[in-house]
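Okay, here's what each chain looks like letter by letter:
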Amino acid sequence: MIKLRHISLAAIAAALVMAAPGVASAQDTHGRVFVPNQTPAKEGDRMAAGYVAPRLSFGQPDLQGVWSNASNTRMTRPNQFKTLVLSNEEEAKARAENPSNIRQQTDDNQKTEDGLLDGKDLASGRGYNAFWIDPGTTYANVKGTWRTSWIVDPPNGQVPFSEEGRKLSRTLVRVGRGQGSGYDNPEERGAGERCIVGFGGSGGPPMMNVLYNNNYQIIQSPDHVVIVVEMNHDARIIPLNAKHKPTVLNPYLGDSIGWWEGDTLVVETINVNPEGGGQVQLSPSGKIIERFTRYSDSQVLYEFEVHDPALYSQVWKGEVGLNSVDQQVYEYACHEGNHGLLGILEGGRAADRQGRDIREAGDRDEG
């Protein structure tokens, strides 16, 4: 997780600007800065009205810094929401009723004498008390509006599998073991469980929010952009104006190249390894397009498109708000799988002796 070090003079100045009349601003306890009512001049704009992005010494728009997508919003739209956008009142009501927020309010600030820190609550299926999680406490505010899903197209906020794509999807799941599929050897467990990549698609593409550690650091040079993903200390090294690598190379997070279109960084990723554990399935011919635009001092607009006619009935799209974080990202030292694999595999051997197949019953993603 990240810890507060200091607030720079620039951050203080930015906070004063955001606190000007007519612009609501807030900063949560984890240092994320929100400006929920900054809206674009017209629909389709990628910047807040009147905003001019700062530029680096070599001319690129400045996307550098630490950003977070922590939020109650997820990839797809839950059934209780009928629209993409919520009003302020609707968001406040949904936030108060969100199970994750209720969990954090009731489980946080536990004391030793309450009996929960001895592990008694683990029987409920939780791997962590609320003290350890940081999923976000509000719904996402993207381009000045509260969002019920990251998906904006199709309008229903759902992944548009075709009929044939669903059949192919089941085949791809059997080929890739991103969620963990067996108990015979470590390689049959998921890459996230083995501390190779972050679980739940935090590294992407597209880069999605999960239970905690939803922070990203963007670093730019004239010919590369690096996105350091807090979990699981993945670094997406994206060459600019380059060609894709040979397809025999199959990185967990795919083969990404980028280029600038005006003030927007465009990243194209192909050849995503099915073992990478991302939230979006791709066939071998699929690709994902991401766009990063400095929307305001406190937010980067992160857009993604999924192109894969073998799986989906249309190109589908999403928009995410990456909010500024006035903190540093520290090393994420993953060790659970390293210690837990012994027990996981021993559980498999115990099931073998009992003649039971536990592959489906036992597999789950903690996030």
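Residues numbered from 1 in each chain as written. Predicted model: local features only at pLDDT ≥ 70, side-chain atom pairs only at ≥ 80, totals over all residues. Heavy atoms only, no water.

**Regarding the overall build of the protein chain**
Phase 1: A count of helical and extended segments in the protein chain gives six helices and 15 strands.
Phase 2: By residue count, 47% of the 367 residues in the protein chain fall in the buried class.
Phase 3: Pairs at least 24 residues apart make up 63% of the contacts formed inside the protein chain by residues separated by at least 6 positions. (Helix = DSSP H or I, 4+ residues; strand = E, 2+ residues; numbered from the N terminus. Buried < 20%, exposed > 50% of the residue type's maximum accessible area, 1.4 Å probe, protein only. Contact = heavy atoms within 4.5 Å.)

**Description of the pattern of salt bridges**
Phase 1: Across all of its chains, the model carries 14 salt bridges by this definition.
Phase 2: We note a salt bridge from Asp263 to Arg55, for which the minimum N-O separation is 3.0 Å. In this pair, Asp263 sits in the loop between β11 (255–261) and β12 (264–270) while Arg55 sits in the loop between β2 (33–34) and β3 (65–68), placing the two residues 208 residues apart along the sequence.
Phase 3: Linked through salt bridges whose partners overlap, the residues forming this network are Lys143, Arg147 and Glu319. (Salt bridge = Lys/Arg side-chain N within 4 Å of Asp/Glu carboxyl O.)

**Notes on the nonpolar core**
What tends to happen in soluble globular proteins is that the nonpolar side chains get buried as a cluster.
Phase 1: Within the largest apolar cluster, 38 residues are counted, with the highest numbers of intra-cluster contacts made by Ile227, Phe292, Phe304, Val306 and Trp316.
Phase 2: Listing elements by their share of this core, those giving two or more residues are β5 (140–142), β8 (215–220), β9 (224–229), β12, β13 (287–296), β14 (299–307) and β15 (316–324).
Phase 3: Here this core takes five residues from β14, the largest share from any one element.
Phase 4: The next biggest cluster of nonpolar side chains, apart from the first, holds ten residues, and it includes Ile133, Phe199, Tyr332 and Cys334. (Core = buried A, V, L, I, M, F, W, Y, C linked by side-chain atoms within 4.5 Å.)

**Concerning the sheet that holds β5**
Phase 1: A sheet is described by the order of its strands in space; here three strands give the open sequence β4-β6-β5, paired in antiparallel fashion. Single-partner strands in this sheet number two, and they are β4 (85–86) and β5.
Phase 2: Pairing geometry for β4 and strand β6 (residues 145–147), over two bridges, is antiparallel. For Val85, the partnering residue across the bridge sits in β6 and is Arg147. (Pairing = 2+ DSSP bridges.)

**Things to note about the pairing of β3**
Phase 1: Note that β3 and β8 share four bridges and pair antiparallel. Among the inter-strand pairings, Gly65 is bridged to a residue of β8, identified as Ile218.
Phase 2: As judged from the two bridges shared by β3 and β15, these two strands associate in the antiparallel manner. In the strand pairing of β15, Trp67 is matched with Ser324.

**Considerations on the packing of aromatic side chains**
Centre distance and the angle of the planes are the two values used to describe a pair of aromatic rings.
Phase 1: Inspection of the entire model under this criterion finds six aromatic pairs.
Phase 2: Between Phe81 and Tyr139 the ring centres are 5.6 Å apart and the planes differ by 80°, which places this aromatic pair in the edge-to-face class. Of this pair, Phe81 sits in the loop between β3 and β4 while Tyr139 sits in the loop between α3 (99–107) and β5, placing them 58 residues apart in sequence.
Phase 3: For Arg189, the ring lying beneath its charged end belongs to Tyr183, and the centroid distance is 4.5 Å. (Phe/Tyr/Trp six-rings, centres within 6.5 Å; stacked < 30°, edge-to-face > 60°. Lys NZ or Arg CZ within 6 Å of the ring centre and 35° of its normal.)

**Structural notes on unusual backbone geometry**
Phase 1: The amide bond that connects Gly204 to the next residue, Pro205, takes the cis arrangement and shows omega of -5°.
Phase 2: With respect to the element layout, Pro205 can be found in the loop between α4 (163–175) and β8.
Phase 3: Here the residue pair Met231 and Asn232 is connected by a cis peptide bond, since its omega of 15° sits within 30 degrees of zero.
Phase 4: One non-glycine residue, Lys143, adopts positive backbone phi at about 55°.
Phase 5: In this structure, Lys143 sits in the loop between β5 and β6.
Phase 6: With a phi angle near 55°, Asn241 is a residue other than glycine that sits in the positive phi range.

**Quick word on the pairing of β14**
Phase 1: With eight of nine residues buried, β14 is to be regarded as a mostly interior element.
Phase 2: Hairpin connection from β13 to β14: two residues lie between these consecutive antiparallel strands.
Phase 3: As defined by bridge partners, β14 adjoins β15 across eight bridges and the pair is classed as antiparallel. Note on β15: the bridge partner recorded for Glu303 is Glu319.

**A few points about the environment of Glu261**
Phase 1: Within the element layout of this structure, Glu261 appears in strand β11.
Phase 2: Since its relative accessible area comes to 43%, Glu261 is described here as partly exposed.
Phase 3: Remark: the alpha-carbon pair of Glu261 and Thr293, spanning 32 residues in sequence, is separated by 10.0 Å.
Phase 4: If sequence neighbours within four positions are ignored, Glu261 has contacts with Val266 and Arg291.
Phase 5: Side-chain polar atoms of Glu261 contact the side chain of Trp259, separated by 2.9 Å. (Polar contact = N/O pair within 3.5 Å; in protein donor to acceptor, adjacent residues only side chain to side chain.)

**Describing the side chain of Arg294**
Phase 1: With respect to the helices, strands and loops of the structure, Arg294 is situated in strand β13.
Phase 2: In this structure the side chain of Arg294 is engaged in a polar contact, spanning 2.5 Å, whose partner is the backbone oxygen of Asp62.
Phase 3: Here the side chain of Arg294 touches Asp297 through a polar contact of 3.2 Å, landing on its backbone oxygen.
Phase 4: The contacts of Arg294, once residues within four sequence positions are left out, are Arg46, Met47, Tyr51, Ala53, Pro54, Asp62, Leu63, Trp67, Gln299 and Val300.

**Re the environment of Arg74**
Phase 1: Structurally, Arg74 is set in the loop between β3 and β4.
Phase 2: Along the backbone, Arg74 and Val210 are 136 residues apart, and their C-alpha atoms lie at a distance of 8.5 Å.
Phase 3: Of note is the side chain of Arg74, whose polar atom sits 2.5 Å from the backbone oxygen of Ser71.

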